[in-house]
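Structural characterization, general
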Amino acid sequence: DYNKDIRAALDNAFLREAMDKFATAYPTGRANAFREYDVAALIAKVAEVKDQGLARLDALFAQFKAEAEKRGVHVHLAKDAAEANALVTRIGKEAGCRTVVKSKSMTAEETLLNHTLEAEGFEVTETDLGEWIIQLRHEGPSHMVMPAIHLSRYQVADLFSQVTRQTQPTDIQRLVKVARRELRPKYAAADMGISGANFAIAETGTIGIVTNEGNARLVSTLPRVHVVLTGIDKLCATLEDALHILRVLPKNATGQAITSYVTWITGANPCAAAPNGTKEMHIIFLDNGRSA
């Protein structure tokens, strides 16, 4: 099956062209983003921060758990994908959730979380534009940063026409507006929001999320339950450590100086949709072989 998938991808002329353009443009964008920086020094600092964190993951997890729980957050550690998915399912059922909106999360892709939730009767909607497109097509992402890079705007227009039962234009900006119109009611109606996290800061029990579309803020703000699923390797000691990584992350990932949104969440925040006026918040750290 794997070899068949590879053959199909190699035979996909549009995909080859799209990836070729990306492979040409990306190094230029990355070089421009790093142009005024000492790249070697930045990389060395990130490596130092990561190495120090990995050397004491147990202590950082214990500190994060204590600080987050002081602020009304439930913190869990899942040994593998099955345990992580089971935790999300249990949280959803105990809170009486049925509808879920999901921000982009490579950790949730790793555990195949959507498959589990849908099998348990939850209605799950991806809210990242690319992820929503491939969800509607029942596909997996083709790239970590651009999950729908293998699709043309004509294919997306055809897909949106099927979803909305109206003929949609091939103009990209108008297609984005269609997605916004279709997704906005999902945020307002959802019982649970699920996100990943780029950072988990031990000293304050804070998570950081780096995005370009703003959907993570809606997912983490509007529903009465927020579940964060992130790798245990995202733990870092201080905000300063996280900021060292943040100086490199968007430049390296997308050639941007900084992403459109950098969101920091500390504690279970007020939420009008929650029965007691406070959001129910859970953070699940996934090991799944990381500590080994």
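Attention in this report is confined to the structure presented alongside it.

Criteria and thresholds
- Residues numbered from 1 in each chain as written.
- Predicted model: local features only at pLDDT ≥ 70, side-chain atom pairs only at ≥ 80, totals over all residues.
- Heavy atoms only, no water.
- Helix = DSSP H or I, 4+ residues; strand = E, 2+ residues; numbered from the N terminus.
- Rg over C-alpha atoms; globule rule 2.2 N^0.38 Å.
- Buried < 20%, exposed > 50% of the residue type's maximum accessible area, 1.4 Å probe, protein only.
- Contact = heavy atoms within 4.5 Å.
- Areas by Shrake-Rupley, 256 points an atom, 1.4 Å probe, with all protein chains shown as cover.
- Disulfide = S-S within 2.5 Å.
- Patch = residues over 30% accessible without salt bridge, like charges linked within 9 Å, V, L, I, M, F, W, Y side chains within 5 Å.
- Salt bridge = Lys/Arg side-chain N within 4 Å of Asp/Glu carboxyl O.
- Lys, Arg positive; Asp, Glu negative; His and termini not counted.
- Charge placed at Lys NZ, Arg CZ, Asp CG, Glu CD.
- Pairing = 2+ DSSP bridges.
- Axes fitted to C-alpha atoms, helices over the stretch in contact; angles between N-to-C directions.
- Parallel < 35°, antiparallel > 145°, perpendicular 65-115°, else oblique.
- Left-handed = near helix turned anticlockwise from the far one by under 90°.
- Core = buried A, V, L, I, M, F, W, Y, C linked by side-chain atoms within 4.5 Å.
- Expected span 1.5 Å × (residues − 1).
- Bend = angle between axes of the 7 residues up to and from the residue.
- Polar contact = N/O pair within 3.5 Å; in protein donor to acceptor, adjacent residues only side chain to side chain.
- Phe/Tyr/Trp six-rings, centres within 6.5 Å; stacked < 30°, edge-to-face > 60°.

1. Points about the overall build of the protein chain
- Helices and strands together make up the secondary structure of the protein chain, namely 12 helices and 10 strands.
- Relative to a compact globule of 292 residues, whose C-alpha radius of gyration would be 19 Å, the protein chain shows 20 Å and is just as compact.
- For the protein chain, the proportion of its 292 residues judged to be buried stands at 45%.
- Pairs at least 24 apart in sequence give 73% of the contacts found in the protein chain among residues at least 6 apart.
- Of the accessible surface of the protein chain, which amounts to about 14900 Å², a share of 53% is contributed by carbon and sulfur atoms.

2. Side note on the state of the cysteines
- Taken as a whole and judged by the stated rule, the model has 0 disulfides.
- The thiol of cysteine 271 is unpaired, and the distance to the nearest cysteine sulfur, on cysteine 97, comes to 11 Å.
- Residue cysteine 271 is classed as buried on the basis of its relative accessible area of 5%.

3. Digging into a positive patch on the surface
- A contiguous patch of positive charge on the surface is contributed by Arg174, Lys177, Arg180 and Arg184.
- With respect to the helices and strands, lysine 177 occurs in helix 10 (residues 172-189).
- Residue classification places lysine 177 among the exposed positions, given a relative accessible area of 53%.

4. Re a nonpolar patch on the surface
- A cluster of nonpolar residues, Tyr2, Ile6 and Leu10, forms a patch on the protein surface that exposes about 320 Å² of accessible area.
- Inspection of the secondary structure assignment puts leucine 10 in helix 1 (residues 2-10).
- Leucine 10 gets classed as partly exposed once you look at its relative accessible area, which sits at 44%.

5. Quick look at the sheet that holds strand 2 (residues 99-102)
- Pairing is parallel across the open sheet formed by 6 strands, whose spatial order is 1-10-7-4-2-3. Each edge of the open sheet carries a strand with a single partner, namely strand 1 (73-78) and strand 3 (123-126). Taking the axes of each pair of neighbouring strands and ignoring which way they run, one obtains an average angle of 20 degrees across the sheet.
- Sheet topology places strand 2 next to strand 4 (residues 192-195); 3 bridges connect them, and they run parallel. Within strand 4, the position partnered with valine 101 by the bridge is glycine 193.
- Sheet contacts for helix 4 (residues 57-70): strand 1 and strand 10 (280-286); angle to strand 1, the most-contacted strand, approximately 155 degrees.

6. Some thoughts on the packing of helix 8 (residues 129-136) against helix 9 (residues 153-164)
- The contact between helix 8 and helix 9 brings their axes to 11 Å, and the two run at 70 degrees. Our classification of the angle between helix 8 and helix 9 gives roughly perpendicular. As helix 8 runs across helix 9, the sense of the crossing is left-handed. Listed contacts from helix 9 to Leu129, Trp132, Ile133 and Leu136 of helix 8 are Val156, Leu159, Phe160 and Val163.

7. A few points about the sheet that holds strand 9 (residues 261-266)
- Read from one edge to the other, the open sheet built from 4 strands follows the order 8-5-6-9, with strand pairing classed as mixed. This sheet does not close on itself; its edge strands, each paired only once, are strand 8 (235-236) and strand 9.
- Direction of pairing for strand 5 (residues 199-201) relative to strand 8: parallel, over a ladder of 2 bridges. Paired with alanine 200 across the bridge in strand 8 is leucine 235.
- Packing against the sheet, helix 12 (residues 239-254) makes contact with strand 5, strand 6 (206-211), strand 8 and strand 9, and its axis sits at approximately 165 degrees to strand 5.

8. Considerations on the nonpolar core
- Core analysis: the largest hydrophobic core is formed by 22 residues, its most contacted members being Phe64, Val75, Ile207, Leu235, Met281, Ile283 and Phe285.
- Residue assignment for this core shows that the elements contributing at least two residues are helix 4, strand 1, strand 6 and strand 10.
- The element best represented in this core is helix 4, accounting for 5 residues.
- In this structure, isoleucine 283 is in contact with Phe64, Val73, His74, Val75, His76, Ile207 and Val228, ignoring residues within four places of it in sequence.

9. Observations regarding helix 2 (residues 13-33)
- Compared with an ideal rise of 1.5 Å per residue, which puts 21 residues at 30 Å, helix 2 spans 30 Å between its outermost C-alpha atoms and is within 8% of the ideal.
- Of all the bends in helix 2, the greatest reaches close to 25 degrees and is centred on alanine 25; the proline proline 27 follows between one and four positions later.
- Of the surrounding elements, those touching the buried residues of helix 2 are helix 1 and helix 12.
- Two or three places before phenylalanine 14, at the opening of helix 2, asparagine 12 has a side-chain oxygen 3.1 Å from that residue's backbone nitrogen.

10. Side note on the packing of aromatic side chains
- Tallied over the entire structure, the rule returns 5 aromatic pairs.
- Their ring planes at 85 degrees and their centres at 5.1 Å tell us that phenylalanine 64 and phenylalanine 285 sit as a pair that is edge-to-face. Here phenylalanine 64 is found in helix 4, whereas its partner phenylalanine 285 is found in strand 10, with 221 residues between them in sequence.
- Owing to a relative accessible area of 0%, phenylalanine 285 belongs among the buried residues under this scheme.
- Members of the aromatic cluster, connected to one another through ring pairs, are Phe61, Phe64 and Phe285.

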